[in-house]
Each structure stands twice: as C-alpha cells, then as structure tokens.
Amino acid sequence: MLKGFKASTNQREQEVFACMIHNLFDEYRFFPRYPERELLITGKLFGSLIQHQLVSSITLGIALRYVLEALRKHNRSNMFKFGMCALEQFKSRLVEWPQYCHHINQISHIRESHKEIIDYIQRALSRSTQAGAGGQEPQQQ
C-alpha cells in the first residue's frame, strides 16, 4: 500500500503517504513508552521503509539516525530491540552506507552480544571494497 501511495499519480494518495511518514517520524519521541510488541512492529515498519526505498534524502537520513540512536541504547532496552528489529529489515542495504556501518561497529554492546550483525557488516564492506577494485557488484545475502 505504501509503495503504491508513494508512486501514485493521485495527489491525495501522495499526500496520505507523506502524512503517514511524517506522523511516524513525529511519533519517534514516544517510542520509548511503547509496549515491546508494538515497538517491534514499528521497528519492522521503520526498517521496511528503508529497505524498500520508501524514504530518501533527508527523510532517509533521519530514519537511519533514529535507528542508530536506538542501537546505542542499553542492549536490554526496548529501544535497542526496536533498533535491532529495524536494522534486520534493511541490513542488505548496509553496504550502501559504509560510514553508517562503521558507526554500528563502534557500539560496544553490539560487538559483544550481536556478533552476527558485525560479521555481516564486515563481509558486506569487504565485498563492497572488492567489488570496487574488481568491478563486480556486491552480492546481497
């Protein structure tokens, strides 16, 4: 539905899409108060917006920043769980943002307790570097 509204030629549908995104981002400040289940659902939505390129430019930057802020929270907090859930949705795109990957790599509690995502990031960055040198496209997992 969101993809359709974003790509729609109908002005009203485009406005509904913009309003939905705006309201979701405005709601971010209240995410810490969300119950865990609802926050995880929101994390999936947030990450899917990034994965499916439904946000771009400034809005993409804000979305990525919100996820990174959440990942920096205590690793047992609901906000951290939100961040990990969102990240899992768009991890195949991480190779597009090497600096973002480096920020994630600097978060000690992710390095300590989520080795799988750190390993994934390092493999993606390695493939990206090799592709740049060898002219091959990075493969997605």
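Predicted model only: the values in this text are computed from it and were never measured.

Caption draft 1: View of the packing of aromatic side chains. For the coordinates displayed, the defined rule picks out 13 aromatic pairs. When the ring of Phe31 is compared with that of Tyr34, the centres are 5.1 Å apart and the planes differ by 55°; the resulting orientation is tilted. Phe31 gets classed as buried once you look at its relative accessible area, which sits at 0%. An angle of 35° between the planes, with centres 6.3 Å apart, marks the rings of Phe46 and Tyr66 as tilted. With Phe46 in helix α3 (residues 36-51) and Tyr66 in helix α4 (residues 57-71), this pair connects stretches of sequence that are 20 residues apart. Each of the two residues, Phe46 as well as Tyr66, counts as buried. Grouping aromatic residues by their ring pairs yields a cluster made of Phe25, Tyr28, Phe31, Tyr34, Phe46, Tyr66 and Phe82. Geometry around Tyr120 places Lys91 over its ring, the cationic atom sitting 4.8 Å from the centre.

Caption draft 2: Looking closely at the state of the cysteines. Here the structure, examined in full by the defined rule, presents 0 disulfides. Among the cysteines around Cys85, which has no disulfide bond, Cys101 carries the closest sulfur, lying 18 Å off.

Caption draft 3: Summary view of the nonpolar core. Among the nonpolar cores identified, the biggest contains 40 residues, and Phe46 and Ile104 are the most heavily contacted of them. Those elements that place two or more of their residues in this core are α1 (2-7), α2 (11-27), α3, α4, α5 (78-90), α6 (98-105) and α8 (115-134). Leave out the neighbours within four places in its chain, and Phe46 touches Leu24, Phe25, Phe31, Ala63, Tyr66, Val67, Phe82 and Ala86.

Caption draft 4: Broad picture of α4. The end-to-end C-alpha distance of α4 is 21 Å, a good match for the 21 Å that 15 residues give at a rise of 1.5 Å each. Of all the residues in α4, the buried ones are Leu60, Ala63, Leu64, Tyr66, Val67, Leu68, Ala70 and Leu71. On its buried face, α4 is in contact with α2, α3, α5, α6 and α7 (108-113).

Caption draft 5: Seen up close, the side chain of Ser92. Within the element layout of this structure, Ser92 appears in the loop between α5 and α6. Of the polar contacts made by the side chain of Ser92, one reaches the side chain of Gln51; its length is 3.1 Å.

Caption draft 6: A look at α3. Over its 16 residues, α3 runs 22 Å from end to end, which matches the ideal 22 Å to within 8%, given 1.5 Å per residue. Turning to α3, its buried residues are Leu39, Thr42, Gly43, Phe46, Gly47, Leu49 and Ile50. Around the axis of α3, the buried residues are gathered within 150° of arc, so they sit on the same side. Where α3 is buried, its residues touch α1, α2, α4 and α5. Residue Gln53 follows α3 closely and has a positive phi angle near 55°.

Caption draft 7: The arrangement of the pattern of salt bridges in detail. One pass over the structure, following the stated rule, counts 5 salt bridges. Note that Lys81 is salt-bridged to Glu36, the shortest N-O span being 3.3 Å. With Lys81 in helix α5 and Glu36 in helix α3, this residue pair connects regions lying 45 residues apart in the sequence. Classification of Lys81 as partly exposed rests on a relative accessible area of 29%. Glu69 serves as the salt-bridge partner of Arg65, at 3.4 Å between the closest nitrogen and oxygen. Pair noted here: Arg65 and Glu69 are both in helix α4, with a separation of 4 residues, about one helical turn. Among the residues examined, Glu69 registers a relative accessible area of 31% and is labelled partly exposed.

How each quantity is defined
Residues numbered from 1 in each chain as written. Predicted model: local features only at pLDDT ≥ 70, side-chain atom pairs only at ≥ 80, totals over all residues. Heavy atoms only, no water. Phe/Tyr/Trp six-rings, centres within 6.5 Å; stacked < 30°, edge-to-face > 60°. Buried < 20%, exposed > 50% of the residue type's maximum accessible area, 1.4 Å probe, protein only. Helix = DSSP H or I, 4+ residues; strand = E, 2+ residues; numbered from the N terminus. Lys NZ or Arg CZ within 6 Å of the ring centre and 35° of its normal. Disulfide = S-S within 2.5 Å. Core = buried A, V, L, I, M, F, W, Y, C linked by side-chain atoms within 4.5 Å. Contact = heavy atoms within 4.5 Å. Expected span 1.5 Å × (residues − 1). Polar contact = N/O pair within 3.5 Å; in protein donor to acceptor, adjacent residues only side chain to side chain. Arc of directions from axis to C-beta. Salt bridge = Lys/Arg side-chain N within 4 Å of Asp/Glu carboxyl O.

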